[in-house]
Amino acid sequence: MSHPYAQTGLPTALPYTDEHAIFRSSARRFFETEVAPKQAEWEEAHLTPRSIWKRAGELGFLCPRLPEQYGGAGADFLHAVILAEEQVRSGAIAPMYTLQSDVVAPYLLQYGTEEQKQRYLPAMASGDCIASIGMTEPSAGSDLQGIRTTAKRTKDGYAINGQKTFISNGINADLVVLAAKTDAAAGARGVSLFLVDTATRGFSRGRNLKKLGQHAADTAELFFDDMRVPEEALLGGIEGRGFPQLMDRLVEERLMTGVVSVAMIDRALALTIQYVKDRKAFGQRVLDFQNTRFTLAEAKTEAAVLHAFLEQCILDFMAGTLDPATSAMLKYWSTEQQNAIVDDCLQLHGGYGYILDYPIAKMWADGRISKIYGGANEIMKDIIGRTLGGRTR
Amino acid sequence: MSHPYAQTGLPTALPYTDEHAIFRSSARRFFETEVAPKQAEWEEAHLTPRSIWKRAGELGFLCPRLPEQYGGAGADFLHAVILAEEQVRSGAIAPMYTLQSDVVAPYLLQYGTEEQKQRYLPAMASGDCIASIGMTEPSAGSDLQGIRTTAKRTKDGYAINGQKTFISNGINADLVVLAAKTDAAAGARGVSLFLVDTATRGFSRGRNLKKLGQHAADTAELFFDDMRVPEEALLGGIEGRGFPQLMDRLVEERLMTGVVSVAMIDRALALTIQYVKDRKAFGQRVLDFQNTRFTLAEAKTEAAVLHAFLEQCILDFMAGTLDPATSAMLKYWSTEQQNAIVDDCLQLHGGYGYILDYPIAKMWADGRISKIYGGANEIMKDIIGRTLGGRTR
Amino acid sequence: MIRSRHYTPAHEDFRAGVRRFMEKECAPYRDAWQAAGRTPPELWRKAGEAGLLCTKMSPEYGGGGGDLFHCLIVLEEQTRICFNELTFYLHSDIIAPYIELYGTEDQKRRYLPKMATGEFVAAIAMTEPGAGSDLQAIRTTARAVGNGYRLNGQKVFISNGQVGNLIVVAAKTDGGAGAKGISLFLLETEKAEGFTRGKNLKKIGCKAQDSSELFFDDVYLPPEALLGGVEGQGFPMLMRRLPEERLIMAMSAVANTEEAVTETVAYTSERKAFGQRLMDFQNTRFKLAEAKTKAVLGRVFLERCMDAFIEGKLDTTTAAMLKWWTTQRQNEVADECLQLHGGYGYMMEYDIARRYADSRLGRIAGGTNEIMKDIIGRTL
Amino acid sequence: MIRSRHYTPAHEDFRAGVRRFMEKECAPYRDAWQAAGRTPPELWRKAGEAGLLCTKMSPEYGGGGGDLFHCLIVLEEQTRICFNELTFYLHSDIIAPYIELYGTEDQKRRYLPKMATGEFVAAIAMTEPGAGSDLQAIRTTARAVGNGYRLNGQKVFISNGQVGNLIVVAAKTDGGAGAKGISLFLLETEKAEGFTRGKNLKKIGCKAQDSSELFFDDVYLPPEALLGGVEGQGFPMLMRRLPEERLIMAMSAVANTEEAVTETVAYTSERKAFGQRLMDFQNTRFKLAEAKTKAVLGRVFLERCMDAFIEGKLDTTTAAMLKWWTTQRQNEVADECLQLHGGYGYMMEYDIARRYADSRLGRIAGGTNEIMKDIIGRTL
């Protein structure tokens, strides 16, 4: 059996079962009928309503991988893949469910105390609690050790001061997993993560940032002005673990970025192949021009290569053997190809490609951030570059 | 009037006169009838015979820019351009006349003592003396300050020890302009240039290096084993001037590299356009495929852009205003485009493109060094990068 | 560095005036007009008053009597404040010349002075839903009725389609005659019954530049609406204008490429990461060196083509080369420069984000770059 | 790092033997054979003896009874010593299967055992001066005379054309029948009157691999020379073999890409400039990171396609994707890696110079990459 979005007849290497197929078709129905049709409205609002988070929770589409005791379904990683693929396929950029399910929830599950898990995870799975990650600062992008937000010990907890920016879900967030320095002198070892309730005094949100694309997804600055949090807010209860905690999670985050980018490529190709078949110019179909066929043949091949690589990465991840450098290759290459292919596809749309009524135009503007987020691709090359050496066989 | 090899109908910006046109046609005759037909023979020998150097001298094609008192014709820079273009156009890689005329001779003319000029320049113009530059060492490529060859003061001169590599004209050379350290502790200020007669004891030549292409051009290692040279061998008579002397000459050398690369592009395009018109596949001319037309349209445009830029650089150089960064842009961009375009042109030749009977195959192998010689393109980017800043208007 | 050699002191004075205008009358309203999706009529009147419109037009008709460099200066100065969607160039340097070069004396007297003052804002309507770069395939017709015409059809992607009140429309006066059957008409929108504007299209960038579909439902055109007074001249009129139009597109592309480099040099010289300035990373310097090289080559080629144009020697092929090369490089450089801005590059408050979004249009508009390559490929 | 998952201990033993053979019997003679432009017959006998030929062929006919990975291992080990022009794969994995799959029992018995021992060295003659990738346009004819054939025509770019003594020739048995008129013949060169070899073509790289024109002037072929014994089967026979042939080309491309990266990592880790290791420059690390990514993606895609092939599921389109992508990347990576070697990269004593020269062939041979894109484009 081939993957439903495979670019070739190659059989999938992933262990999909019938249950996955059922899950996929219900996810598809949800995204196609309840999420995608609202995108334009949410883009105007630059926000998604809480109701759609609740709805996803009801249907089991939030945090399905959590154990049942924390509100999840104990699902495997392929469920996360399916959800991401189906959301992309429907054309819905927002809500950023994967941020909730695949980025934030694992922090709590992996590092949190039992109390922290009980407090937040069921609410995240139900959609009652919307979560975000507070890492990036105005003066520190990919450079985590350069953060300036501080958490100073008080009698019964911490006083947090600082500022974060580019925070996805920042406007909606009830919970922020916040990186702060508990020991300014200790470098990487001085960074700790906190579970911050956004109802806390001293917390405030800045503007909903205007972005080049991804308009339905809220992105905010966050401010912390002598915000007091209790000791129990420290993730895992031990100071100075923030940096390794963040680092450990990156492999999975890059893998999810790859899943999304490959799905974007699949969608761009599907849309464009349809377009060039329908559209005529100079008396023939646009597909009939050799330039069109070659351009799409190249894109389809890149997609096929990426499918094979992504599946291998997923298998390795599920087996616990996906390493940082390989995940960095996936993130770098998939996002570069996504941008290049979407750009080529836009060009094949001619003037319509620049008009936001056409999905390819939105995909172009939405997708540009992928070469930057989750660690800029220059960081990926740096990671790969550091591991060079030795023969490959 | 447009340039004879212009890629568009744009008029040339260069002040060509009738005299230049006559010079061009006699140069063309020389290269087409006396030089190009011998290439295969010289490739086998990996060397050009001294007779063809003498012949070029007789005809006034060596060092024409030298003043008459030193055996030249007092010609302007455009004569150098014409000679380089016509040599490339004829398909002759060797002899490396431009190295003699446009690289070595200017060192002597600009920095030499009157005695040094009298001794070498007329012989270089007549072809009796073949010259080369000894800069690169096994452990120092583009890094001139890292050279290890030393020239130690003796009673009446210098004792030179060391090794050079990749020396063009190295097998034929009678004269080497040699970079050596006269003061190991003084960094860049410790480098001096010497005029070294290759008949001197202690000088020896290594192998004629086997290269990827450019087989008719000799390239050698040179060894200096306690070679004694008199004080008068020091270029200009003052120690420690070598580094600025080398640096000052680089602008012109990069400009000549650009002339050659653009001429290579013109030749590749002319050959390929002819080929795709003559050759048929699947019942039509290869030119009739859209992929062929687009590929060549792109190449022709790059050639047109480069012609405009090269002409501007030549004008600026003749006016004394061409700066290092602009010359680096020319060297970097023209050699990148040369390689990319020749590669595309080879591809359009199909299987024939890999066979050395076809000139495009040789051009591919010959041309690859251009991204490395005269300062690798990474060095060019470094030079450009250092001058960034400030508005352009 | 190679510098422009063409500016006289008068040009520099003009530049200073344009810059003041851009900073005072445009920059403060940029965001508002982008949100509105259009520029207001007052802007056009003010631009006319300030001498920014129709700078090349003969003073006899109220123009500035300037040259191609006035057009370049306006584009450079609007580029500097990252306001690529100001369409003065379209009105002044692309559309007005149709009337000045091809119009009857009556047409010139009627329209040109008011175009110079900004009372008339012009648009040109060529492209149709089924005919992008393929002009001969247009379906809009102007059927002779009495001594006038009835215009029927539909246009798309028309810049100034919302704000324009004078529209140059390409239509077929003779459906059977192919290229020879196309004529141009001057349509004053206020009087035009049956003329409607579609919605203002939302674009990736260039958001203050309105772009519309236009509909013509049996619109009556008097005989004097026919540009030049002779039918069937539309195609050669359009063809003859293409080199200059592509030259103008390249001006914008080159100016944007330069500005993107300049902004990014400034940004990377200040911004730090991992303990050093971004500019101190070799990757940053190399990428900017590549970008700068493209900017400089584009500038030199542009100026050479401008020289040739002024001498009457710019051919269609060379103009096609210039258009695709400069817009392609503009887009590449904007992409690299955005990347060097990191997350900020994706935020619309940074000009590089806007420049990137704007730049994507250049490879499509004015004939896609594939059309340009086709033109060049035909001459091999 | 993702690693190959397919090797059994038996494979590893085989690899060790191949490596010994390459180091002992090939590496010392590489330069001499490259200068000669061909490999000597003894090499083929020795390779047969050592079990390096026809590793996949059934033991019934003298083969090794192995799988696709034996072919990969031979290619990997010859790539390691940078000897891409050894054509064992062509003989063993491209040509021998024609006879084993399509031949009559007599043909199998006659040729296969001697191919396994290296007594017969095979070539396949398809391409003609006027028909590169366009097989249906071939003009070589095999005219029926008596109960045999007369072969007339000309072939070009035939690998092993000088050293081969068994040539599979594609010819038209029915000039009017298009693809259906093509048949394959087995030509033993020693007996073939009227058969001549043209000069050994000089190539950019792969210099020890002889490549020739072949001429057939009324060469008599007995009836049993017709492969499979039925006329008109040539085209489908060739078509069915294409996926595996392209898979084999990709094996070589991927192995070369990996070796280029490995060599360049070693070189840049040792070589210094401006006071630091080349590897310490960010540009070097980034370029090698890009190259390594391409190598890894190529390996994963290759192995996936091999899995599919073994399961009988590799289609023509996917094989075409694999061929162009891996050969394109091989060439790009060789170019970048050569550049990181500086002047040494241009010297033939450095393997990277040879790899670069060799790599250029992959984008042309076995159907140009444009043909691959055409195949893929047709399935959109």
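Residues numbered from 1 in each chain as written. Chains lettered and ligands numbered in written order. Predicted model: local features only at pLDDT ≥ 70, side-chain atom pairs only at ≥ 80, totals over all residues. Heavy atoms only, no water.

J.: Describe in detail the overall build of chain A, supporting the description with residues and values.
T.: When helices and strands are counted, chain A shows 11 helices and nine strands. Expected size for 393 residues packed as a compact globule is a radius of gyration near 21 Å; at 21 Å, chain A falls within 12% of this value. Reported as C-alpha extents along the three principal axes, the dimensions of chain A are approximately 80 × 55 × 40 Å. Relative to its full complement of 393 residues, chain A shows a buried share of 61%. Looking at chain A as shown, the accessible area adds up to about 13,900 Å², and 51% of this sits on carbon and sulfur atoms. Seen as two clouds, the 42 positive and the 47 negative side-chain charges of chain A have centres 3 Å apart. (Helix = DSSP H or I, 4+ residues; strand = E, 2+ residues; numbered from the N terminus. Rg over C-alpha atoms; globule rule 2.2 N^0.38 Å. Buried < 20%, exposed > 50% of the residue type's maximum accessible area, 1.4 Å probe, protein only. Areas by Shrake-Rupley, 256 points an atom, 1.4 Å probe, with all protein chains shown as cover. Lys, Arg positive; Asp, Glu negative; His and termini not counted. Charge placed at Lys NZ, Arg CZ, Asp CG, Glu CD.)

J.: Any chance you could break down unusual backbone geometry for me, citing the residues and the numbers?
T.: Residues A:Ala94 and A:Pro95 are joined by a peptide bond in cis, for which omega reads -5°. With respect to the helices and strands, A:Pro95 occurs in the loop between α4 (77-90) and α5 (97-111). Of note, the phi angle at C:Asp218 is positive, near 55°, even though the residue is not glycine. Inspection of the secondary structure assignment puts C:Asp218 in strand β7 (residues 211-221). Classification of C:Asp218 by relative accessible area gives partly exposed; the value is 33%.

J.: Kindly report on the interface of chain B and chain C, identifying the contributing residues and their values.
T.: Counting residues at the interface gives 44 residues for chain B and 43 residues for chain C. The tally of links between chain B and chain C comes to six salt bridges. Ionic pairing is found between B:Glu302 and C:Arg329, a salt bridge with its closest N-O pair at 2.4 Å. On inspection of chain B and its partner chain C, the count reaches eight residue pairs in polar contact (both at pLDDT 80 or more). Listed by contribution, the elements that provide at least two residues to the side of chain B that touches chain C are α7 (242-278), α8 (290-318), α9 (324-348) and α11 (377-386) of chain B. If one sorts the elements of the side of chain B that touches chain C by residue count, α8(B) sits on top with 17 residues. (Contact = heavy atoms within 4.5 Å. Salt bridge = Lys/Arg side-chain N within 4 Å of Asp/Glu carboxyl O. Polar contact = N/O pair within 3.5 Å; in protein donor to acceptor, adjacent residues only side chain to side chain.)

J.: Account for the pairing of strand β3 (residues 148-159) of chain C, with residues named and values stated.
T.: All names here are of chain C. Of the strand pairs in this sheet, strand β2 (residues 141-145) and β3 are connected by five bridges, and their pairing is antiparallel. Paired with arginine 143 across the strands is arginine 150, a residue of β3. Between β2 and β3, which follow one another and run antiparallel, lie two residues, and glycine 146 among them has a positive phi close to 55°. Examined bridge by bridge, β3 and β7 share nine bridges and lie antiparallel to one another. Across the sheet, the residue bridging to tyrosine 149 is leucine 221, located in β7. (Pairing = 2+ DSSP bridges.)

J.: Now, about the interface of chain C and chain A: what can you tell me, with residues and values included?
T.: Listed per partner, the contact involves 45 residues of chain C and 45 residues of chain A. Taken together, both faces of the contact between chain C and chain A bury some 3,800 Å²; the carbon and sulfur share is 57%. Linking chain C with chain A are seven salt bridges, by the criterion used here. A salt bridge links C:Asp335 to A:Lys371; its shortest N-O distance comes to 2.9 Å. Summed over the shared surface of chain C and chain A, the result is 26 residue pairs in polar contact (both at pLDDT 80 or more). Of all the elements in the fold, those that place two or more residues in the side of chain C that touches chain A are β3, β8 (272-273), α9 (316-340), α10 (351-362) and α11 (369-378) of chain C. With six residues, the single largest contributor to the side of chain C that touches chain A is α10(C). (Buried area = accessible area lost by both parts, 1.4 Å probe.)

J.: Would you mind going over α9(C) in detail, with residue names and values included?
T.: Residues and elements named next belong to chain C. Between the first and last C-alpha of α9 there are 36 Å, a value that for 25 residues agrees with the 36 Å anticipated at 1.5 Å per step. Along α9, 21 of the 25 residues are buried, which leaves the element largely enclosed by surrounding structure. Positive phi shows up at glycine 342, right after α9, with a value of about 60°. (Expected span 1.5 Å × (residues − 1).)

J.: Summarise the domain arrangement of chain A; cite the residues concerned and give the values.
T.: Residues and elements named next belong to chain A. Domain assignment breaks chain A into domain 1 (18-129), domain 2 (132-239) and domain 3 (244-386). For domain 1 versus domain 2, the separation of C-alpha centres amounts to 23 Å. Contacts between domain 1 and domain 2 engage 26 residues on the former and 25 residues on the latter. Of the roughly 2,200 Å² buried at the junction of domain 1 and domain 2 (both faces included), carbon and sulfur atoms supply 63%. On the domain 1 side of the contact with domain 2, His46, Tyr107 and Gln116 bury the most area, a combined 25% of that side's loss. Where domain 1 meets domain 2, there are two salt bridges. Across the salt bridge formed by aspartate 174 and arginine 50, the nearest N and O atoms sit 2.6 Å from each other. Joining domain 1 to domain 2, the criterion identifies 10 residue pairs in polar contact (both at pLDDT 80 or more). Broken down by secondary-structure element, the contributors of at least two residues to the side of domain 1 that touches domain 2 are α2 (39-45), α3 (50-58), α5 and α6 (114-126). The element contributing the most residues to the side of domain 1 that touches domain 2 is α5, with six residues. Residue composition of the side of domain 1 that touches domain 2, by class: 15 nonpolar, six polar and five charged. (Domains from an automatic or database assignment. Nonpolar A, V, L, I, M, F, W, Y, C, P; charged D, E, K, R; others polar.)

J.: Pulling in residues and values, what's your account of the packing of aromatic side chains?
T.: The geometry of an aromatic ring pair is captured by two quantities: the separation of the ring centres and the angle between the planes. A complete count under the given rule lists 54 aromatic pairs over all chains for this structure. Between B:Phe30 and B:Phe61, the ring centres sit 5.3 Å apart and the planes meet at 40°, which makes this aromatic pair tilted. In this pair, B:Phe30 sits in helix α1 (residues 18-35) while B:Phe61 sits in the loop between α3 (50-58) and α4 (77-90), placing the two residues 31 residues apart along the sequence. B:Phe61 shares its class with B:Phe30; the two are buried. For the pair D:Tyr29 and D:Trp33, a centre-to-centre distance of 5.3 Å together with 25° between the ring planes defines the contact as stacked. A relative accessible area of 36% places D:Tyr29 in the partly exposed class. The exposure class assigned to D:Trp33 is buried, which follows from its relative accessible area of 11%. Through a chain of ring-to-ring contacts, the aromatic side chains of A:Phe23, A:Phe30, A:Phe31, A:Trp53, A:Phe61 and A:Tyr97 assemble into a single cluster. (Phe/Tyr/Trp six-rings, centres within 6.5 Å; stacked < 30°, edge-to-face > 60°.)

J.: Could you give me a rundown of the pattern of salt bridges, with the residues and numbers involved?
T.: In this structure the tally under the stated criterion is 122 salt bridges over all chains. Across the pair A:Glu231 and A:Arg153 runs a salt bridge whose closest N-O atoms are separated by 3.1 Å. Taken together, the residues A:Glu231 in the loop between β7 (219-230) and α7 (242-278) and A:Arg153 in strand β2 (residues 150-153) connect sequence positions 78 residues apart. By relative accessible area, which is 37% here, A:Glu231 ends up partly exposed. Given a relative accessible area of 49%, A:Arg153 falls into the partly exposed group. A salt bridge links C:Arg355 to C:Glu263, with the shortest nitrogen-to-oxygen separation between them at 2.4 Å. Separated by 92 residues along the polypeptide, C:Arg355 in helix α10 and C:Glu263 in helix α7 (residues 234-270) bring together distant segments of the chain.

J.: Quick one: what's the story with helix α10 (residues 351-359) of chain D, residue by residue and with numbers?
T.: Where burial is concerned, most of α10(D) is hidden: eight out of the nine residues are buried. Turning to α10(D), its buried residues are D:Ile352, D:Ala353, D:Arg354, D:Arg355, D:Tyr356, D:Ala357, D:Asp358 and D:Ser359. On the buried face of α10(D), the contacting elements are α10 (359-367) of chain B together with α2 (30-36), α4 (68-80), α7 (234-270) and α9 (316-340) of chain D.

J.: How would you sum up the packing of α7(D) against helix α8 (residues 282-310) of chain D? Please name residues and give values.
T.: Residues and elements named next belong to chain D. Remark: α7 packs on α8, axes separated minimally by 9 Å, with the N-to-C direction vectors making an angle of 155°. With respect to each other, α7 and α8 are oriented roughly antiparallel. Here α7 and α8 pass one another in a crossing that is left-handed. The residues of α8 that touch α7, namely those facing Glu244, Leu247, Ala250, Met251, Val254, Thr257, Glu258, Val261, Thr264, Val265 and Thr268, are Thr284, Leu288, Ala291, Lys292, Ala295, Gly298, Arg299, Leu302, Cys305, Met306 and Phe309. Split by residue class, the contact of α7 with α8 holds 13 nonpolar, five polar and four charged. (Axes fitted to C-alpha atoms, helices over the stretch in contact; angles between N-to-C directions. Parallel < 35°, antiparallel > 145°, perpendicular 65-115°, else oblique. Left-handed = near helix turned anticlockwise from the far one by under 90°.)

J.: How would you sum up the domain arrangement of chain C? Please name residues and give values.
T.: Residue and element names in this part refer to chain C. Per the domain assignment, the segments making up chain C are domain 1 (9-117), domain 2 (122-232) and domain 3 (236-377). For domain 1 versus domain 3, the separation of C-alpha centres amounts to 22 Å. The partner domain 3 presents 22 residues to the 22 residues of domain 1 that form the contact. When domain 1 packs against domain 3, close to 2,100 Å² is buried across both sides, 61% of that on carbon and sulfur atoms. Among the residues domain 1 hides against domain 3, the three largest losses belong to Leu68, Tyr98 and Tyr102. Together they make up 28% of the total. Across the domain 1-domain 3 interface, the total number found is four salt bridges. As a salt-bridge pair, glutamate 76 and arginine 299 come within 2.8 Å of each other at their nearest N and O atoms.

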